[in-house]
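Spelled out from the first residue to the last, the chains are:
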Amino acid sequence: MSASDSAKKKSSKSSTGKPWLHAAAIAGIACGSAAVGALLLIAIAFAVAYSNLPTIDALTDYRPRIPLRVWTADGVLISEFGEERRDFAPIAEVPPRLKQAVLAAEDDRFYEHSGVDYSGLLRAALANFASGRRGQGGSTITMQVARHFYLSSERSYIRKIYEIALSYKIERSLSKDRILEIYMNQIFLGHRAYGFAAAAQVYFGKKLKDVTVAEAAILAGLPAAPSAYNPWVNPKRAKQRQQYVLSRMATLGYIDAKTHESAVAEPLRPRPNASNPSATPEIRTNVRAEYAAEMARALMFDVFREDTYTRGLNVYTTIVSSEQQAAYAAVRTQVLDYDRRYGYRGPEAFIDLPEDAKAREQRIEDALVEAIDSPNLWPAVVVEANPKLVRAILHGGNEVRIEAEGLRFAVRSLDPKAQPARRIVPGAVVRVTRLAKGGFEIVQLPQVESAFVSADSRDGAIRALVGGFDFNLNKFNHVTQAWRQPGSSFKPFIYSAALERGFMASTLINDAPLIIDPELTGGQVWEPKNYDGKFEGPMRLRQGLAKSKNLVSIRILQTIGPPAAQAHIRKFGFDADKHPPYLTMALGAGSVTPWQLLGGYAVFANGGYRVAPYLIGRVTDASGKTLMEAYPLRAGVNAERAVDARNIYVMDSLLRDVTKYGTAARAATLKRPDIAGKTGTTNDSHDAWFAGYGGGVVAVAWMGFDQPRPLGDRETGGGLALPIWMSYMGPTLKTHPPLEIPMPPGVAVVGDDVYYDEFQPGSGVAAVGIEEAVPGFGADHSKGEAPKDPIF
């Protein structure tokens, strides 16, 4: 065998003896080529993606969508309008504990990497490979910002490449603090809250600077899954996520062991959810002024259109938070008290309860969602009912047991003999509220409506406004939109007109029966009566107003003439066409809104000047720059005098007597020498009013049904509307000292009364409807005879 043959044989043996080396070499070359190819493809894809990236003007010129906010004059938030609830917080105002919590939860190497944390991406890739799904993305805070502004939520490798490319571009254009600032103001955190400042308010009712370490950890845990870690919906999972964030903060050295232990042990106390019956009102910061907020929103939309909800407008109303709360409570209390007097009407709906437990639970929840929430009047579905016990389900599946005192109001509906529509049975939808002593009580939503509005009588600034019992139930604003008959609350304007035509506070007027010709009423023959059906004969004009005698008012108007009165009421801001020139005007048969009546009584309260009620004091943009500001006319400064000062002085004297011994005498319990006003009850008690003033504050209260019907045989303005007015004025006047209208020139004091100089006894109208200014009846009105001419 030759040497060459021997060599070939050895070579052949070598090749066939270790084939795996050959395969390994080939595989290595293939893998290397694949890796290079993959890297090349990624590089090409990255280059293509980077070259096609959009501009990042939305970040370099970041203008977050900030909602319209409506505030009280003393800086309490009333309401927000906008799809995104956001309160922009500069990064310098974000407390370190919150920044640290966010970094610990989302991106602890944020200030070290250049937009992409490759170690994080590798960890996510390995986790995804192990699980067989793309569950983790390894996104940094910068990558999350890129995704939120420019990319979809689709999970794909192509999107991830764009996300990385965008992150590099963002990091080249913005500082780390600016990126973090955008993130902390833009991220969605559940319940329409965008950004941590909004979330702190939503979940804890706090400003960012006031959140604790434990609360910061709760907030920092939300970005990963706002619904899953929501402290309202999933408190257990929220607590677990919080503990993870706290442990990360401790590991990273952001907090020490003592702080960590304290934060873990701190009870989870989120701000109560409004739909939860366990919510405690004192924790809430918002004032109940939905009608005022809606008025402000509508006014802003007229000016700013769609920008209203995104440019961060702040509307500062003239509402005073403490007075608004007093007004809201007064209206709500009186409406519920009135409704309770007339008994329980029965469940508001009935549903079928399926036998299947899950179907039953879902049907109950659906019924509760359909029922409109009302503060402290929670909907509940009855699952068991007998005269001694009712079991019912609230929102969230919580069960309440109602028994003893809690059943008293609805006891007749638990009688097996009750009418089907009124009987409480399983499947009945009822309302419950908490009893003061604990436990629950069956109640109902009232059908009657009410309204209240108050203002500074000197310039018309609205201090409190309640447009109805509950905005959620009825958005119709009864303060500004309800045209109702004012009844006797309109009489003072007729009396004011009479003073200009020679009538005196001491003028004797016959309170006697009267038959009015149809030509004088604009309708049929009219035979008016007093509210109590009694006639007291001749009495002084002062007494006639205090006692609200209809026949006295009619004789006054008959004497001065309806056209003269119609012209005079325009001085107070009333529309002439709403008050036709007939004798029925004397009893308030025209139409006013509470807002309009407020303006009219403000003239009496401020000495005779016309001031226009207004709600908005100023409007600013998100930076605090003033865009709009009110410059109201002010009584005695730049407002137009509407009525003679002497007229107002005498009328003030008359209206004070109404609250001393007249139909509003119960107001004397306020122990204020300066309160004055007038009750009003319309025909058949369809409307109940009280309008009055004191201490520089003028206010109007009203109650009635939206579809006018009697409130009740003995229901009056003094019994229904006056208590609302008093409940508001009681606490309000404590900060308003008594205000006296100074006696103007041209007023004479004669005996115990006040007069115009030119209309003193002997010069003014001495009597109307009688032959002499002495007690006794005059003409025989049973025969339709007109009143005698006034005696001078």
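Report follows, based on the coordinates. All values derive from a computational prediction rather than experimental measurement.

### Considerations on the overall build of the protein
Across its full length, the protein carries 23 helices and 23 strands. Buried residues in the protein amount to 51% of all 792 residues. Of the contacts formed within the protein by residues at least 6 apart in sequence, a portion of 70% connects residues at least 24 apart. In the form shown here, the protein has an accessible surface area of approximately 36,400 Å², with 53% of it arising from carbon and sulfur atoms.

### Side note on the packing of helix 16 (residues 491-499) against helix 19 (residues 550-560)
In helix packing, the relevant descriptors are the interaxial angle and the interaxial distance, both defined with respect to the helix axes. Contact pair helix 16 / helix 19: the axes reach a minimum separation of 10 Å and the direction vectors enclose 40°. Taken together, the axes of helix 16 and helix 19 are oblique relative to one another. Of the two possible hands of crossing, helix 16 and helix 19 adopt the one that is left-handed. Of the residues in helix 19, those touching helix 16 at K491, I494, Y495, A497 and A498 are N550, V552, S553, I556, L557 and I560. Looking at side-chain class alone, the contact of helix 16 with helix 19 contains eight nonpolar, two polar and one charged residues.

### As for the side chain of S496
Relative to the helices and strands, S496 is located in helix 16. In this structure the side chain of S496 is engaged in a polar contact, spanning 2.8 Å, whose partner is the side chain of N647. In this view, S496 contacts H568, F572, F604, V643, N647 and M651; residues no more than four positions away in its chain are not counted.

### Points about the pattern of salt bridges
In this structure the tally under the stated criterion is 38 salt bridges. When the shortest N-O distance is used, the salt bridge between K206 and E215 registers 3.0 Å. Here D753 and R542 are joined by a salt bridge, their closest N and O atoms 2.4 Å apart. Of this pair, D753 sits in strand 22 (residues 753-756) while R542 is found in helix 18 (residues 541-546), placing the two residues 211 residues apart along the sequence. Across this residue pair, the class does not change: D753 and R542 are buried.

### Remarks on the nonpolar core
Counting 126 residues, the largest nonpolar core has F452 and W725 as its most contacted members. When residues no more than four places from it in sequence are discounted, the contact partners of F452 are A327, V331, A464, L465, V466, V479, A699, V700, A701, I724, W725 and Y728.

### Considering the pairing of strand 13 (residues 462-466)
Counting buried residues in strand 13 gives five out of five residues, a clear majority hidden from the surface. Pairing of strand 12 (residues 449-456) with strand 13 involves four bridges; the strand directions are antiparallel. Within strand 13, the residue paired with V453 across the bridge is L465. Connecting strand 12 to the antiparallel partner strand 13 that follows it, the hairpin turn spans five residues, and G460 within it adopts a positive phi of roughly 85°.

### A closer look at the sheet that holds strand 17 (residues 626-629)
Reading across from one edge, 2-1-5-16-17 is the order of the five strands in this open sheet, with mixed pairing throughout. Strands at the two margins of the open sheet, each flanked by one partner only, are strand 2 (77-81) and strand 17. Strand-to-strand twist across the sheet, computed as the mean angle between neighbouring axes with direction ignored, equals 15°. The strands touched by helix 13 (residues 290-304) are strand 1 (68-71), strand 2, strand 5 (314-317), strand 16 (616-620) and strand 17; relative to strand 2, the strand with the most contacts, the crossing angle is about 45°.

About the cut-offs
Residues numbered from 1 in each chain as written. Predicted model: local features only at pLDDT ≥ 70, side-chain atom pairs only at ≥ 80, totals over all residues. Heavy atoms only, no water. Helix = DSSP H or I, 4+ residues; strand = E, 2+ residues; numbered from the N terminus. Buried < 20%, exposed > 50% of the residue type's maximum accessible area, 1.4 Å probe, protein only. Contact = heavy atoms within 4.5 Å. Areas by Shrake-Rupley, 256 points an atom, 1.4 Å probe, with all protein chains shown as cover. Axes fitted to C-alpha atoms, helices over the stretch in contact; angles between N-to-C directions. Parallel < 35°, antiparallel > 145°, perpendicular 65-115°, else oblique. Left-handed = near helix turned anticlockwise from the far one by under 90°. Nonpolar A, V, L, I, M, F, W, Y, C, P; charged D, E, K, R; others polar. Polar contact = N/O pair within 3.5 Å; in protein donor to acceptor, adjacent residues only side chain to side chain. Salt bridge = Lys/Arg side-chain N within 4 Å of Asp/Glu carboxyl O. Core = buried A, V, L, I, M, F, W, Y, C linked by side-chain atoms within 4.5 Å. Pairing = 2+ DSSP bridges.

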